[in-house]
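Now for the letters of each chain:
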Amino acid sequence: MTMSDAVFNIEKDVPADAVVEVRGICKKYGEVEALRNIDLDFPRGKLTTLLGPSGCGKTTLLKIIAGLIEPSAGEVRVNGRPVTGPGPERAFVFQDFALMPWATVMRNVAFGLELKGMGKAERQSIAAKYIAEVGLSGFEDKYPHELSGGMRQRVGLARAFAVNAEVLLLDEPFSAVDEQNRRKFQEDLLRLVEKERKTFIFVTHSIEEAVYVSDRIVLLSRRPGRVSQIIEPKIDRTASPDAIRRDQGYLDTVEEIWQGLKHYVD
Amino acid sequence: MTLFGYRVPMMASLIVWCILWELVGQSGAMFLVPPLSSVLAAAVTMVQTQTWQAAALITLHSFVVGMAFAIVVGVTLGVLMGRFKAVDDLFGIWVNIFVSAPLSALVPVLMILFGMGETTVVVTVFLFAVWIIVLDTRAGIRHVPNSLIEMGRSYGASTFALYSKIVLLAALPEILAGIRLGLVRGVKGVVIGQLLVSIIGYGELFELYSRSFDMENFWALTIILFAAAMLMSAAIEHIEKKVDYYAGVR
């Protein structure tokens, strides 16, 4: 951490320390153009949200960054190295959780480490730490079908944290979680963002959610997806969650984004 | 089930049919149907004979070898068809033809190819069992959620780990259902193979007893075979239920 800080201080004129750089990404599915010429930087240690109407290709872009989908043109670089496929410096949290139903919470959380060939005792102690971190202590031996939707996504989040990747890619992680749990979950996520100091790239279609959790919001336009606007909400994060949700800056930003997106919705 | 307000135990219907069989047998109305009690007595004596034990062993051996091939080939082909469109296009039509084809008609041809011995019976078991295993495995693989595969890839699973730790386990309920149905068809295959080749094992005994109208032994043989097939099927079903418990909820 101190190394990169030092480097950052020396090269003051470099605008931002971008972990993930997206350059000229285009994606076509046959005749359908999903993404057109996307150029984006994702600054280190920040939570950046990709927000847009459904069908704007935000999940596609996230999966291209993850190396799960090949772009038709353009390049993604992580720490300066071009992405050719999935890599250990990126971890993915799935919209439908993608938990193995035959495996316990413990095995699911430790699965990324298991695939890396880490020994059982070591990976379980790391997994136990993150299970506690997401608030699932005592559920280690439960199976996914014994958990609620919100708890299942906590497992997915713990699995992503456990592999200690620099960049966490979250694909609409709360969309299958009910409203009350989602609020609690968003607050927990903010706490984890603060604690883990990783770079988060977050996909959502909820304006409130985006404004509440993000340092930076990238608005994508409808198909073909292009970057239409980048917003940095000025919100005092030290305030209580309820205060933030009533904060004038928060409400103004939500309104501003809604005005920008409104014409896409008919 | 309750009848006139009384709880009827589970196996009651079986007992009703057994009593009916015994009555028809005792009445002597049909010589093809001897009383159940004498059939069971014949079964007890029969299983102690050298002839039966040798026949059962040969039959079991052909069955196990044929099934082993059917499971290995069936699951492999099913996985390939489920994952790769080219393989699916290449084999799909044949699998669908063979799964419903009257395979008994092919056994004489197999006899020409593989001779009058055990090989023909093994091939018959294989041909009877393999197609349904292919189809069920393919269906299971198709149902594996794409996000589970993406999860494996994004956390760096090798191709081997992806299949052994994720894909096969996710498709296990369907694969087991295929194997269970394959087992039942394999039992048919082993008897039909031996009957048509008609010189070894259970088929030879069937032929012997039915030709000499030795109905007690004929029925005893049939009951033992049915019981064995049902037991195997029930055993797999038991495993299936356990697996469903973990993997069915997805």
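As the structure is a prediction and not an experimental result, all values here were calculated from the model.

Observations concerning the overall build of chain A
Right, on to step 1. The helix and strand tally for chain A stands at 10 helices and 10 strands.
Right, on to step 2. For chain A, whose C-alpha radius of gyration is 19 Å, the value lies close to the compact-globule estimate of 18 Å for 266 residues.
Right, on to step 3. Over its C-alpha atoms, taken along the principal directions, chain A stretches across nearly 50 × 45 × 40 Å.
Right, on to step 4. Expressed as a percentage of its 266 residues, the buried residues of chain A come to 42%.
Right, on to step 5. Nonlocal contacts in chain A, meaning residues at least 24 apart in sequence, comprise 68% of its contacts between residues at least 6 apart.

Here's the deal with the sheet that holds strand S1 (residues 18-29) of chain A
Residues and elements named next belong to chain A.
Right, on to step 1. Within the open sheet, the 4 strands sit side by side as S2-S1-S4-S5. Their pairing is antiparallel. Of all strands in the sheet, those bounded by a partner on one side alone are strand S2 (32-43) and strand S5 (81-82).
Right, on to step 2. Bridging between strand S4 (residues 73-78) and S5 involves 2 bridges; their strand directions are antiparallel. Note that in S5 the partner of Val78 across the bridge is Arg81.
Right, on to step 3. Together, S1, S2 and S4 form the strand contacts of helix H2 (residues 58-66), whose direction differs from that of S1 by roughly 120°.

Here we look at the domain arrangement of chain B
Accessible area lost upon the coming together of the parts serves often as the stated size of an interface.
All names here are of chain B.
Right, on to step 1. Entries for chain B in the domain assignment read domain 1 (1-32) and domain 2 (34-247).
Right, on to step 2. For domain 1 versus domain 2, the separation of C-alpha centres amounts to 31 Å.
Right, on to step 3. Every contact between the two is made by 6 residues of domain 1 and, on the other side, 5 residues of domain 2.
Right, on to step 4. Along the lines of polarity and charge, the residues of the side of domain 1 that touches domain 2 split into 3 nonpolar, 2 polar and 1 charged.

Re the sheet that holds strand S7 (residues 167-171) of chain A
Residue and element names in this part refer to chain A.
Right, on to step 1. Overall, mixed pairing links the 6 strands, which are arranged S6-S7-S8-S3-S9-S10 in an open sheet. Bordering the open sheet on either side are strand S6 (90-93) and strand S10 (227-231), each of which pairs with just one other strand. Direction aside, neighbouring strands of the sheet carry axes that sit 15° apart on average.
Right, on to step 2. Pairing geometry for strand S3 (residues 47-51) and strand S9 (residues 216-220), over 4 bridges, is parallel. Note on S9: the bridge partner recorded for Thr49 is Ile217.
Right, on to step 3. Helix-sheet contacts for helix H6 (residues 149-162) involve S6 and S7, and the interaxial angle to S6 is about 175°.
Right, on to step 4. Against the sheet, helix H10 (residues 248-261) contacts S9 and S10, and its axis sits at roughly 170° relative to S10.

So, the pairing of S7 of chain A
All names here are of chain A.
Right, on to step 1. Summarising burial for S7: 5 of the 5 residues are buried, a large majority.
Right, on to step 2. A two-sided burial pattern is seen for S7, the buried positions comprising Val167, Leu169 and Asp171 on one face and Leu168 and Leu170 on the other.
Right, on to step 3. Pairing between S6 and S7: 4 bridges, direction parallel. Considered in S7, the bridge of Val93 is made with Leu170.
Right, on to step 4. Pairing between S7 and strand S8 (residues 199-204): 5 bridges, direction parallel. Bridge pairing links Val167 to Thr199 in S8.
Right, on to step 5. Handedness of the crossover joining S7 and S8 through helix H7 (residues 179-196) is recorded here as right-handed.

Thresholds, definitions, all that
- Numbering of residues begins from 1 in every chain and follows the order in which that chain's sequence is written.
- Written order decides the labels, with chains lettered from A and ligands numbered from 1.
- Reporting in this predicted model follows two pLDDT cut-offs: at least 70 for local features of residues, and 80 or more for side-chain atom pairs to be given and counted; totals over whole chains, interfaces and linings ignore these cut-offs and use all residues.
- Each helix corresponds to a stretch of at least 4 residues labelled H or I by DSSP, and each strand to a stretch of at least 2 residues labelled E; elements are numbered beginning at the N terminus.
- When we talk radius of gyration, it's over C-alpha atoms, and the globule rule is simply 2.2 Å times the number of residues to the 0.38.
- We call a residue exposed when 12 or fewer other C-beta atoms sit within 10 Å of its C-beta, buried when the count reaches 20 or more, and partly exposed for counts in between; the C-beta positions come from the backbone.
- Contacts here follow a simple rule: the backbone-placed C-beta atoms of the two residues must lie within 7 Å.
- One bridge is not enough; two strands pair if DSSP finds at least two bridges between them.
- In this analysis, axes come from line fits to C-alpha atoms, helices being fitted only over the stretch in contact, and the angle between any two N-to-C directions falls in the range 0 to 180 degrees.
- Throughout the structure description, domain borders are defined by an automatic or database domain assignment.
- Residue type decides the class: Asp, Glu, Lys and Arg count as charged, Ala, Val, Leu, Ile, Met, Phe, Trp, Tyr, Cys and Pro as nonpolar, and the leftover types, Gly among them, as polar.
- Looking down the strands as they point away from you, a crossover is right-handed if its path from the first strand over the helix to the second goes clockwise.

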